[in-house]
Amino acid sequence: MSFILKALIITLIGFILGIILTFEIRKVFARAQYRLGPLTSVYPELKALLGSTRILQPLYDVLKLFYKETIIPQTTSKILFIISPVISLLLSVFSLYFVSFGGFSVFANRDHSLIWLIYVLIAITIFWLIGSASSSSPWAIIGTRREAELLFSIEFSLLISAFSIAIISNSLSIQEIVYAQREFLPFILVNPMAAITFLLSILGKLRLKPFDISEAEVEIVSGPCTEYSGKLLGLIYLSKYFMTVTLVAFFIDLFLAGGQISNFTLLNVITFIILTLIVTFILSLIHALMPRFKIDQAFKWVLTRMWPLSIISLIFSLIIRSLGVV
Amino acid sequence: MIIQANGGNIMINVKEVLGKLRDILSPDFQVTRIDRNGRHIYIETSSQKLLDAAKFLLDIDGRLIHVTASDLGFRGIKLLHVYSFDHLVKNLHLILYAILPRDNPVAPSTASLTYQSNWAERETMELMGVKFENHPDPRHIFLPFEWPEPVESSKEWKTVKLERNVILPIGPYHPALIEGGYFKIKVDGEDILDVDIKVGFNHRGIMRLAERRSFWKNVFLVSRVCGICNICHPLAYLNAVENLFKIDVPDRAKYIRTLLAELNRIHSHFLWLGVAGELIGFKTLLMWTWKARELVQDCVELITGNRVHMDAVIIGGSRIDLTDEMINKVREKLLAFKSQAERIIDIVYDSGLVRKRTENIGVLKLPEAKNAGIVGPTARASGWKIDVRKDSPYDAYGDEYTSWDVVTDEGSDVLARVIVRCKETLVSIDICMQCLDALKRVHGPIIHKERFEIPEGEAIGKSEAPRGELLYYIVSNGTINPHTVRIRTPSYRNIAALKYMIPGYTLADVPIIIGSVDPCFACTDRVIIVDEKHGKKQVMSYDLFLKKYLKRR
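Residues numbered from 1 in each chain as written. Chains lettered and ligands numbered in written order. Predicted model: local features only at pLDDT ≥ 70, side-chain atom pairs only at ≥ 80, totals over all residues. Heavy atoms only, no water.

Asker: Please clarify how the overall build of chain A should be interpreted in this entry.
Answerer: Of the regular secondary structure elements, chain A holds 13 helices and zero strands. Mapped from its N terminus to its C terminus, chain A presents α and β elements in the order α-α-α-α-α-α-α-α-α-α-α-α-α. Taken against the 2.2 N^0.38 rule, which gives 20 Å for 326 residues, the C-alpha radius of gyration of chain A at 20 Å falls within 12% of a compact globule. Taking the principal axes of the C-alpha coordinates as reference, chain A spans close to 60 × 45 × 45 Å. A burial count over chain A gives 56% of its 326 residues as buried. Counting contacts in chain A only where the partners sit at least 6 residues apart, residues at least 24 apart contribute 77% of the total. Here chain A displays about 13,600 Å² of accessible surface, and carbon together with sulfur accounts for 72% of that area. When the 24 basic and 17 acidic side-chain charges of chain A are each reduced to a single mean position, those positions are 4 Å apart. (Helix = DSSP H or I, 4+ residues; strand = E, 2+ residues; numbered from the N terminus. Rg over C-alpha atoms; globule rule 2.2 N^0.38 Å. Buried < 20%, exposed > 50% of the residue type's maximum accessible area, 1.4 Å probe, protein only. Contact = heavy atoms within 4.5 Å. Areas by Shrake-Rupley, 256 points an atom, 1.4 Å probe, with all protein chains shown as cover. Lys, Arg positive; Asp, Glu negative; His and termini not counted. Charge placed at Lys NZ, Arg CZ, Asp CG, Glu CD.)

Asker: Before we go on, may I ask you to explain the sheet that holds strand β18 (residues 482-488) of chain B in this structure?
Answerer: What links the strands of a sheet is backbone hydrogen bonding, and the strands pair in either a parallel or an antiparallel sense. Residues and elements named next belong to chain B. Strand order in the open sheet formed by three strands is β16-β17-β18, and the pairing between neighbours is antiparallel. Strand pairing shows two members of the sheet lacking a second neighbour, β16 (456-465) and β18, which therefore form its edges. Mean inter-strand twist for the sheet, computed between neighbouring axes without regard to direction, equals 15 degrees. Packing of helix α6 (residues 232-245) onto the sheet brings it into contact with β16, β17 (468-477) and β18, and relative to β16 it is tilted by some 150 degrees. (Pairing = 2+ DSSP bridges. Axes fitted to C-alpha atoms, helices over the stretch in contact; angles between N-to-C directions.)

Asker: What exactly am I supposed to notice about the domain arrangement of chain B here?
Answerer: Accessible area lost during the coming together of the parts is what is often quoted as the interface size. Residues and elements named next belong to chain B. Under the domain assignment used here, chain B contains domain 1 (2-135) and domain 2 (208-488). Put simply, the middle of domain 1 and the middle of domain 2, counted by C-alpha atoms, are 27 Å apart. Contact with domain 1, which involves 30 residues of that partner, is made by 34 residues of domain 2. In this assembly, domain 1 packs against domain 2 so that about 2,400 Å² is buried in total across both faces, 46% of it on carbon and sulfur atoms. (Domains from an automatic or database assignment. Buried area = accessible area lost by both parts, 1.4 Å probe.)

Asker: For this particular structure, what's the right way to read the interface of chain A and chain B?
Answerer: Taken residue by residue, the interface counts 29 residues in chain A and 32 residues in chain B. A combined buried area of about 2,700 Å² lies between chain A and chain B, and 63% of that area is made up of carbon and sulfur atoms. Connecting chain A to chain B are one salt bridge. The residue Lys294 of chain A makes a salt bridge to Asp509 of chain B at a minimum N-O spacing of 3.0 Å. (Salt bridge = Lys/Arg side-chain N within 4 Å of Asp/Glu carboxyl O.)

Asker: What should I look at first to understand the packing of aromatic side chains in this one?
Answerer: Two measures describe an aromatic ring pair: the distance that separates the ring centres and the angle between the ring planes. Tallying each qualifying case throughout the model produces 29 aromatic pairs over all chains. With 5.1 Å between their ring centres and 80 degrees between their planes, Phe198 of chain A and Phe250 of chain A make a pair best called edge-to-face. With Phe198 of chain A in helix α9 (residues 192-205) and Phe250 of chain A in helix α11 (residues 230-255), the pair connects residues that are 52 residues apart, well separated along the chain. On the basis of an interplanar angle of 70 degrees and a centroid distance of 6.2 Å, the ring pair of Tyr397 of chain B and Trp404 of chain B is categorised as edge-to-face. According to the relative accessible area criterion, Tyr397 of chain B is buried, its value standing at 1%. (Phe/Tyr/Trp six-rings, centres within 6.5 Å; stacked < 30°, edge-to-face > 60°.)

Asker: I tried to follow helix α4 (residues 78-96) of chain A on my own but got confused; where do I start?
Answerer: For an α-helix, 3.6 residues make a turn, and residues three or four places apart therefore share a direction. Residues and elements named next belong to chain A. Between its terminal C-alpha atoms α4 stretches 29 Å, which fits the 27 Å expected from 19 residues at 1.5 Å a residue. Helix geometry: α4 is bent most strongly at Ser84, by close to 25 degrees, with proline Pro85 lying one to four residues after it. By the burial criterion, the buried members of α4 are Phe81, Ser84, Pro85, Ser88, Leu89, Leu91, Ser92, Val93, Ser95 and Leu96. Where α4 is buried, its residues touch α1 (3-31), α5 (113-133) and α11. (Expected span 1.5 Å × (residues − 1). Bend = angle between axes of the 7 residues up to and from the residue.)

Asker: In this structure, what is going on with helix α3 (residues 118-128) of chain B? I would like to understand it.
Answerer: Extensive coverage of α3 of chain B is indicated by the burial of nine of its eleven residues. Turning to α3 of chain B, its buried residues number three or more, namely Asn118, Trp119, Ala120, Glu121, Arg122, Glu123, Thr124, Glu126 and Met128 of chain B.

Asker: Explanation requested: the pairing of strand β5 (residues 63-71) of chain B in the structure shown.
Answerer: If a strand is regular, its side chains alternate between the two faces of the sheet. Residue and element names in this part refer to chain B. Most of β5 sits inside the fold, with eight of its nine residues counted as buried. Two strands pair when backbone bridges link them, and β5 and strand β6 (residues 77-84) are joined in this way by eight bridges, in the antiparallel orientation. Residue pairing in the sheet places Asp71 in a bridge with Ile77 of β6. What sits between β5 and β6 in their antiparallel hairpin is a turn of five residues, with Gly73 showing a positive phi close to 75 degrees.

Asker: In this structure, what is going on with the sheet that holds β6 of chain B? I would like to understand it.
Answerer: Residue and element names in this part refer to chain B. In spatial order, the strands read β3-β4-β7-β6-β5; together these five strands make up an open sheet with mixed pairing. Each having just a single partner strand, β3 (30-35) and β5 make up the two edges of the open sheet. Here the average twist between neighbouring strands, direction ignored, is 20 degrees.

Asker: Is there a simple way to think about the confidence of the model for chain B in this case?
Answerer: Interpreting fine coordinate detail is not advised for predicted regions of low pLDDT. Residue and element names in this part refer to chain B. Taken over all residues, the pLDDT of chain B has a mean of 83, while the share at 70 or more is 88%. pLDDT under 50 marks residues 1-9. Its contacts with residues more than four places away, or in other chains, come to 17 contacts. pLDDT under 50 marks residues 153-161. Its contacts with residues more than four places away, or in other chains, come to 20 contacts. Overall fold confidence (pTM) sits at 0.85, and the ipTM for the predicted complex is 0.84. (pLDDT = per-residue confidence, 0-100.)

Given below as structure tokens:
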């Protein structure tokens, strides 16, 4: 299969999966609160109006934004304000190519794909920050500051837990890490501490509760996105959908053997999709049942709980490696 | 000895207080009216002596619960200081007043003695034109700060140079505030340096409207002051009016009123708990509490026919009677609510993050609380045992009707306010149960049927709204319409006290601190022209505003 065709298919899978996972987060959040959320099957009397299902609700949200006027405040530095959502979207699509969708990927088999992926993931957040900081709204600036503080703390534990897996498998290629798990055991069983810190880091990266500090609407309106509207806001939404898929897929690749249970690619892809739904379910359940941290509390919590745990997982990995089990 | 320590409780001797007050105020001391078994004492004095009296009365732990004025026509303007001692002696209130000349109504300000009278005096300056000398902060409160002068004489947009400390506007329209209030917050990064509060975005002039309607219609008007505490406003109003008219309310009606007031308190506290949850990002708690609260709303609908505005009480009793069947259904629903409420309260208590977000936040210690004059659950959370239901009992709150205890907490922080309100919900359920039992036992009329005349006179009435002490001052001139109606709502006090709670904490704490006093801006209070954003102060002149507006049309 040619390189470009593969990339297109992965972009499409990532897009659809991103919408479904975002739908799932909203649905679980709603059901935990005795609400209905977006309907999976619309009531018969409303079908003519709403269509038979609202699973694609996150897509409609973005489409609606693309129909709206984009307001660019005078006080912004225009180039940065416009270009950073575009770059963060491009990067988030690019990040999809480094993860393995059940053995189906573009760059995952490259030698240093793990490092590449982590670089791209940080770059997405940084471009969100650049865009919001250039908007010169006080809300956005405080939101940016919070997001940056969270970035420093969360990224470290994400990095360490990813590298502790790399140490076990003795490889920096995501494809290799997945193969190592097929031959041995899913690494969630080998190093569960790394899995926990990684899952919690995803919450921070995706701005889910209790780490949705930069988007605390009762304090700072909508944080970094305050001045964004219309198409640019739609781009930020889209990049968030793609990033959800990448992070969840990253987790599955590192800890759940990338969903590869057999030699058939199609079966693996289906297993992979089921696993993404399960992982997202866990994330959205935490999202539903938690209040929000304050930024200082979040920083302290990450520093005192997640950093030590991730370092322990790193040491644990080194021990396993030195024993030569894998 | 004026203050006597009596078994841990500080008691004051009424006669000695009056004697000392006579010494201070003489020769301008005249007791003009004694009401409610000698517990409401109206004293006329001269305007200059009001300050001396304030010094003395605040010194013996009196609460200056309101400063207001009534227009007596050619006789002048009557300036009142309402002091409450009911937390020391049951029902004791001293109402000091002075008649000011109409052409030059000047009075000394007590706002430098106590923050309690700060807002009240600013309001009186605005509404009645009384000038207070040496007021520390003589700005407008309901009107825009610059009224009636244009802001600046220049016709251009003026830009003030950028400061290091950013000024963040919270409100009048902000996701954290359900209603319109303006908090000008000066921040350095996330830390708050100073806060300035402006209310008045929703001033509807209900006090004036009430003076043009009859006593009977006013019951339904005052319940429109606030949607959430809609039964407490009529109850405070009726407390004053029925006292003035010398009407005895039948026992059964008292129980019905108490039941409705407590149902109101339960749903208000649970509404608040949900909103407080949302303010710390716990949206799921909001949905859970509001779902549980529906059961209480169902009870209210079952009894009165309306979900929100009960409109169930009238002068002399209640409009609505409960049948035995209704009592059983209400009891059933309340028991169902209680089990749900206990579960939700357990979740709130046990959640580590809720505790983290609320503990040692928005601390207001007792001395500051007394100076700021906070009321209701906010005061009780600072360890101040004041509750109108216990201190000056009305309806069926007295010891001879129901037995219950005031909930207090020594924490003085947001968590203490959460705990006090959660416990109060459970106490309210208990009071409701007692009322339901009593309604099965006590039969009889639900309304005072004898004819009566409307006397001339004045009265104050209080009730404990879910947010705290609610005060009504009514003057009757013998006609069917009241001459004066003055309202002092609990949020009026609590929002003013936010000035002491917010500085020193971080921006993330602001919503929950504002939320923790359960602010009700509808109770407390128009459009401000000054717009401050990221340190630049853009001021628009009134002329330019008119010009722009006309051009656009």
